[in-house]
Structures are given as structure tokens and as C-alpha cells.
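# Structure assessment
So you can see what is in the structure, the chains are spelled out below.
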Amino acid sequence: MKKVLLAVFVAGGLAFSADGAAIFKSKGCASCHQPTADTVGPSLKKIAQAYAGKKADLIKFLKGQGKAIVDPAKEAIMRPQLTMTKNLPQEQLEALADYILKYK
Ligand code: HEC
């Protein structure tokens, strides 16, 4: 019983500390990025395809250190959003990148 409780606690803790979907939602990213339809921003699918196999580059972009490769003409809209992601801990950046890349 103790072991089960511990497992639940650990799993819950991990989900809380690095849940890409929750971060994406809580930072308001979803207001401009839909799963498959382009709205204000490109779809998550389009982003995932552009960054397929390039997770490190995606994290770099989220840290404000990369260049837009999906829709550079609209980078001016996305650039200010990076203030919400650039100081996230690495673990959360990884979770966020994993979440986005899943839409490929
Ligand atoms: C106000 C609308 C808006 C919000 C909010 C927004 N984005 Fe964007 N995003 C855009 C637009 C427009 C582009 C296309 C320009 C570009 O490619 O950088 C974009 C592009 C991107 C890209 C592709 C970058 C590339 O290489 O071209 C990623 C990744 C991204 N957004 C992630 C996020 C995340 C994560 C959040 C939440 C922290 C977020 N966006 C919030 C509008 C938005």
C-alpha cells in the first residue's frame, strides 16, 4: 500500500512538473496555435513537421535564441511570446517541445 501511494505521488509529481500540454495552455499559446488549422499562428502540425528531428532547435527557439523557420514573415507576432518561455527550466522546455512535436 505504501508503495502504491508512493508511485502515485511520484507520477503525479512528474506530471505536474513537466506537463507540456498544461504549459502550452497556461501560457496562452493555444489562442494562436490550433492542432491542425492555421489561425493567427501556424498549426502545431506545421510546426512539428518543420522541427521533426530537430527538438534541440525547437528548444533554442523557445529560449529566444533561434530563428523562425515556419513562417518568418510573421515572426514579429511570435517573438514577444517568447518572454513566456525563454526562462522556463530545461525540463519544462523539453516537455513543451515534446508536446508540440507530437502533432507531426
Ligand atoms: C499572438 C499569437 C501567438 C501566441 C499567443 C503564440 N504564438 Fe507561436 N507563433 C505565432 C505566429 C504568428 C507564428 C509564426 C511566426 C514564426 O514562425 O515565428 C508563431 C510561430 C511559433 C513557432 C514556430 C517558430 C518558427 O521556427 O518559425 C513555435 C514553436 C511557436 N510559435 C510556439 C509558441 C508557444 C510555445 C507559445 C506560447 C508560449 C506561442 N507560440 C504563443 C503566434 C503566436
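In short, a report on the structure. On a predicted model such as this, the values are computed, not experimentally measured, just so you know. (Residues numbered from 1 in each chain as written. Predicted model: local features only at pLDDT ≥ 70, side-chain atom pairs only at ≥ 80, totals over all residues. Heavy atoms only, no water.)

Time to look at the side chain of H33. Within the fold, H33 resides in the loop between α2 (20-26) and α3 (44-50). Given the relative accessible area of 13%, H33 is considered buried. At a separation of 2.8 Å, a polar atom in the side chain of H33 contacts the main-chain carbonyl oxygen of P42. Among all residues touching H33, those that are not within four sequence positions of it are F24, T39, G41, P42, L44, I47 and M78. (Helix = DSSP H or I, 4+ residues; strand = E, 2+ residues; numbered from the N terminus. Buried < 20%, exposed > 50% of the residue type's maximum accessible area, 1.4 Å probe, protein only. Polar contact = N/O pair within 3.5 Å; in protein donor to acceptor, adjacent residues only side chain to side chain. Contact = heavy atoms within 4.5 Å.)

Before going further, it helps to spend a moment on the coordination of the iron atom of the ligand. Every protein donor of the iron atom of the ligand is accounted for by H33 (NE2) and M78 (SD), and the metal-donor separations fall at 2.0 to 2.2 Å. Given six donor atoms and angles of 88 to 179 degrees at the metal, the environment of the iron atom of the ligand is assigned as octahedral. Pair noted here: H33 is in the loop between α2 and α3 and M78 is in helix α5 (residues 75-78), with a separation of 45 residues, a long-range link. In this structure M78 comes out as partly exposed when scored by relative accessible area, which is 24%. (Donors = N, O, S within 2.8 Å, 3.2 Å for Na, K, Ca; no water. Tetrahedral: all angles 85-135°; square planar, octahedral: opposite > 155°, others 65-115°.)

Further remarks concern the packing of helix α4 (residues 55-62) against helix α6 (residues 90-101). Where α4 meets α6, the closest approach of the two axes is 10 Å, and the angle between their N-to-C directions is 120 degrees. Two packed elements cross with a definite hand, and for α4 against α6 that hand is right-handed. On α6, the residues that touch K55, L58, I59 and L62 of α4 are Q90, L93, E94, L96, A97, D98, I100 and L101. Taken together, the residues that form the contact of α4 with α6 break down as eight nonpolar, one polar and three charged. (Axes fitted to C-alpha atoms, helices over the stretch in contact; angles between N-to-C directions. Left-handed = near helix turned anticlockwise from the far one by under 90°. Nonpolar A, V, L, I, M, F, W, Y, C, P; charged D, E, K, R; others polar.)

In the vicinity of the ligand lie 25 residues, with C29, C32, H33, Y51 and M78 positioned nearest. Backbone polar atom of I69 to an oxygen atom of the ligand: 2.8 Å apart, as the coordinates give it. D71 is positioned with one of its backbone polar atoms (N or O) 3.0 Å from an oxygen atom of the ligand. Listing elements by their share of the shell around the ligand, those giving two or more residues are α4 and α5. Grouping the amino acids of the shell around the ligand by side-chain chemistry returns 14 nonpolar, six polar and five charged. (Near = heavy atom within 4 Å.)

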